[in-house]
Amino acid sequence: MALVDIKNVTKSYGSIEVLKGVSLSIDEGEIVTIIGKSGSGKSTLLRCINALERIDGGEITVEGQSVRTDMPNLRGFRQRVGIVFQAFNLFPHLTVERNITLAPVLNKRIAKAEGRALALDVLARVGLADKIDAYPAQLSGGQQQRVAIARCLAMGPHLMLFDEVTSALDPELVGEVLKVMEDMARQGMTMVLVTTRWASPATSPPRSSSCTRAASGRRGRRRNSSPIPAPRTAELHRLRALSHHRSPSPIPLHRPPFTGP
């Protein structure tokens, strides 16, 4: 069974139809990139997967559970499905530690000492353990985005969604964020990325060994989905130069299995 199964999903904002019968299946451990122009519905699809937006038709399931904005235990569901936005969305008045531990403390009721240990662990994974007591304004854009990724990792997600996470960064800061995502790919994290960029390795996630499959979208429809070595559209041919198959033997992540709401 696919980890994520999207079937004939439709979504409109008033008279504007944003998603027009989109279907896509994503297996555990896959890294799927959705490529398309601005306004093609990429970000809306991610928000629907995370239950931030209500779909009008079709069905989305994650780990066999139907995704709805009124689903039971919605908070628990979002602990398993992390999303990282283009804007870092860090609380400017809180330290890096507090930005990371706020959700675990409120939702999982962990102790303060346990929370700091958790923050140090996830920050070490993104190369920022020395910034645990810093404030967002003291960090570069790339560092803030890595903190946003660490904040998601602190909840122990089974799936991570990345919404244009490098598009707001200067080119020299993009590489540090991509390195974190490549490390996550090697550890077996299932990821869905959206991007409009395929011009150069410095600005186009994913790269090197990260991506296993790419899908292109236009005007609210999925046009194509194919492994990187065998693209069938001009858009995917551009991505082919940047990406290759991920290792078939990823390092397993230690996360609790989903047992239902």
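Preceding this paragraph is the structure being described.
What you see is a predicted model; the values in this text were computed from it and never measured.

### Thoughts on the overall build of the protein
Argument step 1. A count of helical and extended segments in the protein gives seven helices and 10 strands.
Argument step 2. Looking at the protein as a whole, 54% of its 261 residues are labelled buried.
Argument step 3. In the protein, once contacts between residues fewer than 6 apart in sequence are set aside, the share between residues at least 24 apart is 69%.
Argument step 4. Taken as a whole, the protein presents about 12,000 Å² of accessible surface, with 52% of it coming from carbon and sulfur.

### Here's the deal with the pattern of salt bridges
Argument step 1. With the rule as written, the count across this model stands at 10 salt bridges.
Argument step 2. Here Arg-80 makes a salt bridge to Glu-63, at a shortest N to O gap of 2.9 Å. Of this pair, Arg-80 sits in helix α2 (residues 74-80) while Glu-63 sits in the loop between β4 (57-62) and β5 (65-66), and the two are 17 residues apart along the sequence. Each member of the pair Arg-80 and Glu-63 is classed as buried.
Argument step 3. When salt bridges with common partners are traced through the structure, they connect Lys-11, Arg-47 and Glu-53 into a single cluster.

### Remarks on the nonpolar core
Argument step 1. Ile-100, Leu-123, Ile-149, Met-160, Phe-162, Met-184 and Met-191 are the most contacted members of the largest nonpolar core, which totals 36 residues.
Argument step 2. Broken down by element, the residue count for this core peaks at eight residues, all from helix α6 (residues 171-186).
Argument step 3. In this view, Phe-162 contacts Leu-46, Val-84, Ile-149, Met-181, Met-184, Met-191, Val-192, Leu-193 and Val-194; residues no more than four positions away in its chain are not counted.

### What about helix α5 (residues 141-153)?
Argument step 1. An ideal rise of 1.5 Å per residue puts 18 Å on 13 residues; α5 measures up with 19 Å between its terminal C-alpha atoms.
Argument step 2. Taking burial as the measure, the 13 residues of α5 include 13 buried ones, the bulk of the element.

### A short note on the side chain of Asn-50
Argument step 1. Locating Asn-50 in the fold gives a position in the loop between α1 (42-49) and β4.
Argument step 2. Asn-50 sits in the buried class, given a relative accessible area of 3%.
Argument step 3. Apart from the residues lying within four places of it in its own chain, the contact partners of Asn-50 are Phe-77, Arg-78, Val-81, Ile-83 and Leu-161.

### Comments concerning the sheet that holds strand β2 (residues 16-26)
Argument step 1. Pairing in this open sheet of four strands is antiparallel, and the strands run β2-β1-β4-β5 from one edge to the other. Here the strands that pair on one side only, and so sit at the sheet edges, are β2 and β5.
Argument step 2. Summarising the sheet, β4 and β5 pair through two bridges and their orientation is antiparallel. When the sheet's bridge partners are listed, Val-62 is paired in β5 with Gln-65.
Argument step 3. Set on the sheet, α1 makes contact with β1 (4-13), β2 and β4; between it and β2 the angle comes to about 60 degrees.

### Side note on unusual backbone geometry
Argument step 1. The residue Asn-8 is not glycine, and still its phi comes out positive at about 50 degrees.
Argument step 2. On the secondary structure map, Asn-8 appears in strand β1.
Argument step 3. With a relative accessible area of 52%, Asn-8 lands in the exposed category.
Argument step 4. In this structure, Asn-89 takes a positive phi of about 60 degrees despite not being glycine.
Argument step 5. Tracing the chain through its elements places Asn-89 in the loop between β6 (81-84) and α3 (96-108).
Argument step 6. Since its relative accessible area comes to 44%, Asn-89 is described here as partly exposed.

The rules behind each value
- Residues numbered from 1 in each chain as written.
- Predicted model: local features only at pLDDT ≥ 70, side-chain atom pairs only at ≥ 80, totals over all residues.
- Heavy atoms only, no water.
- Helix = DSSP H or I, 4+ residues; strand = E, 2+ residues; numbered from the N terminus.
- Buried < 20%, exposed > 50% of the residue type's maximum accessible area, 1.4 Å probe, protein only.
- Contact = heavy atoms within 4.5 Å.
- Areas by Shrake-Rupley, 256 points an atom, 1.4 Å probe, with all protein chains shown as cover.
- Salt bridge = Lys/Arg side-chain N within 4 Å of Asp/Glu carboxyl O.
- Core = buried A, V, L, I, M, F, W, Y, C linked by side-chain atoms within 4.5 Å.
- Expected span 1.5 Å × (residues − 1).
- Pairing = 2+ DSSP bridges.
- Axes fitted to C-alpha atoms, helices over the stretch in contact; angles between N-to-C directions.

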